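Understanding the architecture of this molecule
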Amino acid sequence: QQQVKQSPQSLIVQKGGISIINCAYENTAFDYFPWYQQFPGKGPALLIAIRPDVSEKKEGRFTISFNKSAKQFSLHIMDSQPGDSATYFCAAKKSNSGYALNFGKGTSLLVTP
Amino acid sequence: EPEVTQTPSHQVTQMGQEVILRCVPISNHLYFYWYRQILGQKVEFLVSFYNNEISEKSEIFDDQFSVERPDGSNFTLKIRSTKLEDSAMYFCASSSGYENYGYTFGSGTRLTVV
């Protein structure tokens, strides 16, 4: 059972464009939704995270939009740069410590010059 | 910035052999995790560990797997009798327990079973 569904699988965006990655979850007990960025040969690194009491969170060029009723959340990367080229994973978990992070399948983003 | 350190970065082992993957979590973190990522696939949860015991484990974490915190700094994952399908990147992670800070992942150990 796939608890977090992520799309698209891959994405090509021109420099300066907006990259949008979408995720949907099933378990209503999830209440912590992070996004991770992974470069080849490295572990996932926390990018930004949101809790369901807000509908949007912005950090620099990265914004999470959250729709609790639809059980969906998305990552927007504004003014995308070639250095943003990486694999992005959405995840969801119950916020109590020790619970597993449930990852989406990942989106490979390529930002072209 | 504090890091989670994993060793070795790459390990090749023969099928049926035991392997131990090692991790040094961030020093003031209380929760420790192992995840794995088969090449090109998503990151999958294996086990979480707190207060010297397993707090949650996935279906993947069967009797062939075990974890241990042998001293105050190391956190290990042992695979008793490796199978070809255990070939993957294994990531250790730790967290403080304050969710605003999320997890910190190590750079991983690439395990190749031949």
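Our subject is the structure listed above.
A brief look at the structure comes next. (Residues numbered from 1 in each chain as written. Chains lettered and ligands numbered in written order. Predicted model: local features only at pLDDT ≥ 70, side-chain atom pairs only at ≥ 80, totals over all residues. Heavy atoms only, no water.)

Turning our eyes to something else, we now look at the packing of aromatic side chains. The final tally for this structure, using the stated rule, is 25 aromatic pairs over all chains. With a centroid separation of 5.8 Å and an interplanar angle of 85°, the aromatic rings of Phe103(A) and Tyr35(B) are classed as edge-to-face. Of this pair, Phe103(A) sits in strand E10 (residues 102-103) while Tyr35(B) sits in strand E4 (residues 31-37), each in a different chain. Both residues of the pair, Phe103(A) and Tyr35(B), count as buried. Between Tyr31(B) and Tyr50(B), the ring centres sit 4.3 Å apart and the planes meet at 10°, which makes this aromatic pair stacked. (Phe/Tyr/Trp six-rings, centres within 6.5 Å; stacked < 30°, edge-to-face > 60°. Helix = DSSP H or I, 4+ residues; strand = E, 2+ residues; numbered from the N terminus. Buried < 20%, exposed > 50% of the residue type's maximum accessible area, 1.4 Å probe, protein only.)

So, about the pattern of salt bridges. For the structure on display, the rule yields four salt bridges over all chains. As a salt-bridge pair, Arg61(A) and Asp84(A) come within 2.8 Å of each other at their nearest N and O atoms. Of this pair, Arg61(A) sits in the loop between strand E6 (56-59) and strand E7 (62-67) while Asp84(A) sits in the loop between strand E8 (72-77) and strand E9 (86-92), and the two are 23 residues apart along the sequence. Close ionic contact of Glu44(B) with Arg36(B) constitutes a salt bridge, the shortest N to O distance being 3.2 Å. (Salt bridge = Lys/Arg side-chain N within 4 Å of Asp/Glu carboxyl O.)

Residues and elements named next belong to chain B. When you line up the elements, Ser95 lands in strand E9 (residues 88-95). Under the relative-accessibility criterion, Ser95 is labelled buried at 2%. A distance of 3.0 Å separates polar atoms of two side chains, one belonging to Ser95 and the other to Tyr33. Aside from chain neighbours lying at most four places away, what touches Ser95 is His29, Leu30, Tyr31, Tyr33, Gly102 and Tyr103. (Polar contact = N/O pair within 3.5 Å; in protein donor to acceptor, adjacent residues only side chain to side chain. Contact = heavy atoms within 4.5 Å.)

Now for the interface of chain A and chain B. Counting residues at the interface gives 22 residues for chain A, matched by 21 residues for chain B. Taken together, the links from chain A to chain B amount to three residue pairs in polar contact (both at pLDDT 80 or more). The residue makeup of the side of chain A that touches chain B, split by class, is nine nonpolar, nine polar and four charged. (Nonpolar A, V, L, I, M, F, W, Y, C, P; charged D, E, K, R; others polar.)

This part takes up the state of the cysteines. Residue and element names in this part refer to chain B. Inspection of the entire model under this criterion finds two disulfides over all chains. Two residues, Cys23 and Cys92, share a disulfide whose sulfurs are 2.0 Å apart. An S-S torsion of about -65° defines the bridge between Cys23 and Cys92 as left-handed. Of this pair, Cys23 sits in strand E3 (residues 19-24) while Cys92 is found in strand E9, placing the two residues 69 residues apart along the sequence. For the pair Cys23 and Cys92, a shared accessibility class is recorded, and that class is buried. (Disulfide = S-S within 2.5 Å.)

All names here are of chain B. Counting through the fold element by element, Arg80 comes out in the loop between strand E8 (75-79) and E9. According to the relative accessible area criterion, Arg80 is partly exposed, its value standing at 39%. Considered as a pair, Arg80 and Gln64 are 16 residues apart in the sequence and their alpha carbons are 5.1 Å apart. Residues contacting Arg80, with those up to four places away along its chain left out, are Gly16, Gln17, Glu18, Asp63, Gln64, Phe65 and Ser66.

To continue, consider the sheet that holds strand E1 (residues 5-7) of chain B. Residues and elements named next belong to chain B. Strand order across the open sheet formed by four strands is E1-E3-E8-E7, with antiparallel pairing between neighbours. Both outer strands of the open sheet, E1 and strand E7 (65-68), are each paired with one neighbouring strand and no more. Neighbour-to-neighbour, the strand axes of this sheet turn through a mean angle of 20°, independent of strand direction. Pairing of E3 with E8, which is carried by five bridges, proceeds in the antiparallel orientation. Bridging across to E8, Ile20 finds its partner in Lys78. (Pairing = 2+ DSSP bridges. Axes fitted to C-alpha atoms, helices over the stretch in contact; angles between N-to-C directions.)

Honestly, it's all geometry; don't read function into it.
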